Every structure is written in C-alpha cells, then in structure tokens.
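# Inside the fold
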Amino acid sequence: MFTGIIEAIGSIRAMTPKGGDVRVYVATGKLDLGDVKLGDSIAVNGVCLTAVELPGDGFWADVSRETLARTAFVDLKPGSAVNLEKALTPTSRLGGHLVSGHVDGVGEIVSRADNARAVQFKVRAPRELAKYIAHKGSITVDGTSLTVNAVDGAEFELTIVPHTLAETIMVDYQAGRKVNLEVDLLARYLERLLLGDKAAEPKASGLTESFLAEHGYLKN
C-alpha cells in the first residue's frame, strides 16, 4: 500500500527485454533506499514494482506483460522521469489517501492552463472508470494522490499547486500525454457492496446501468 505522496523523482536508466516481458532499472535520485530490501515494493508512476536487485543508486524490477498492456509504462524509455514512493509502513503519515499501486486504466491529459500560481489540468479517463470519479473525491495520477475539482462525463479537472508541480513529474505534463490512473479504493468496495448477493454470480464485476435502474439508483 501507498499514500500517493511522491517522495522523489527518479528516472528510467535501462529497459531490458527478458523472457517475453521487461526488466527495468530505476535510478532513484534522492529517494532513501537505506531501509529497502530485496522483495520490497516501490511505486513507479503509481505502478507497484518489486525490487529484485539493489545496486545502490536504484533498483531493478520486472515488469510483466499485463502491466505493460494496462498502464502507460509502455511509453517509458531510458531517460524518462518517474514519480517514486516507497511502500506505506505502520508509522507513515497518511498524507494522501490509501493507494494500492494497481493501475485501473490509462488516462490522457486533455488540456493545461495557468491558474494564478497553480496549473489547471483536464484529464480524460477511460469511459469505464468515470463512475468511480467524484467531485472532491480522490484519484491517483501517475502515483500522485490528488483531489478532483470538477467532473464532466469521463473528464475531470485538477488544480495543481506549485509544491506538487516542483516535487512530481506533473510539471512536464502537456496535452496528449498518457497517465496512469487509480481510482479510490473505497469506490471499488462500495460497488461490490451494492451488488449484494449478485456479487456471487459469474461476471458480476461491476454495476451496470440496468442494475442501477432496477434498484432505483438512476432517476429520470
């Protein structure tokens, strides 16, 4: 588990094909690796990776075909800057929100505009994730815990303050960039709870419009 509070900006040092997937070397910059051991988890742009080698100034991790297919990791290359966060410990402050490091989908930056000293981003989420994104709710973008300021269909807005811009890779975001999205865990669990006994039925993975209408959640 993670908090979505980015601890350092690192960079991809190498990406090596290995047995059908990829082994990646992440240079961790100012991230303190003194308490990290083999097998520990580190979030890279919101993707939970396991450290399999620790050369000293970074770590090697294996990236599966599943991760490459379902995240924006496929767009990274040597030299790409990445957000880094070590796994949550019992003594960590929960400054953001609970983040699993399991990406739900890939979004796209639609627009960027200055808003006083902050920057306003509009992001388009995959259609199937729209139901989990709420005004003033939490969302994780490339591993960064953020508050949704407005929602319009599958698009949502973020206001990013100077500190967050300085401490994350969001400073480089421009329209067209692909980003990893993880929706709020509570929304996922609430969805399953609302299914009730239907959750035990095959393919009962989510709330369809017909289910919501049947139970009075959709009103004309």
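Definitions and limits used
- Residues numbered from 1 in each chain as written.
- Predicted model: local features only at pLDDT ≥ 70, side-chain atom pairs only at ≥ 80, totals over all residues.
- Heavy atoms only, no water.
- Helix = DSSP H or I, 4+ residues; strand = E, 2+ residues; numbered from the N terminus.
- Polar contact = N/O pair within 3.5 Å; in protein donor to acceptor, adjacent residues only side chain to side chain.
- Pairing = 2+ DSSP bridges.
- Axes fitted to C-alpha atoms, helices over the stretch in contact; angles between N-to-C directions.
- UniProt positions renumbered as here; feature names shortened; annotations may be inferred.
- Buried < 20%, exposed > 50% of the residue type's maximum accessible area, 1.4 Å probe, protein only.
- Arc of directions from axis to C-beta.

## Digging into the side chain of Asn-83
- Relative to the assigned elements, Asn-83 resides in strand S6 (residues 81–86).
- A polar side-chain atom of Asn-83 sits 3.0 Å from the main-chain carbonyl oxygen of Asp-142.
- Separated by 3.4 Å, the side chains of Asn-83 and Thr-144 make a polar contact.

## As for the sheet that holds strand S5 (residues 58–63)
- Spatial ordering of the open sheet is given by S4-S3-S6-S1-S2-S5, a layout of six strands whose pairing is antiparallel. The open sheet is flanked by strand S4 (47–50) and S5, the only strands paired with a single partner. In this sheet, neighbouring strand axes are inclined to one another by 40° on average, regardless of whether the strands run parallel or antiparallel.

## Overview of the UniProt feature "repeat: Lumazine-binding" (unreviewed entry) in the protein
- UniProt records the feature "repeat: Lumazine-binding" (unreviewed entry) at residues 1–97 and 98–194, using the numbering of this structure.
- Spanning residues 1–97, this segment combines 6% helix with 39% strand, and its end C-alpha atoms are found 10 Å apart.

## As for the sheet that holds strand S13 (residues 178–183)
- Read from one edge to the other, the open sheet built from seven strands follows the order S10-S9-S13-S7-S8-S12-S11, with strand pairing classed as antiparallel. One side of each edge strand has no neighbouring strand; the edge strands of this open sheet are strand S10 (144–147) and strand S11 (150–152). Looking at each pair of strands side by side, their axes are set apart by 35° on average, direction ignored.
- Pairing of S11 with strand S12 (residues 155–160), which is carried by three bridges, proceeds in the antiparallel orientation.

## Side note on helix H3 (residues 185–195)
- All of the buried residues in H3 are Ala-187, Glu-191 and Leu-195. Viewed end-on, H3 has its buried residues packed into an arc of 80°, placing them on one side of the element. With respect to the buried face of H3, the exposed residues turned more than 90 degrees away are Leu-186, Tyr-189 and Leu-193.
- Residue Gly-196 follows H3 closely and has a positive phi angle near 60°.

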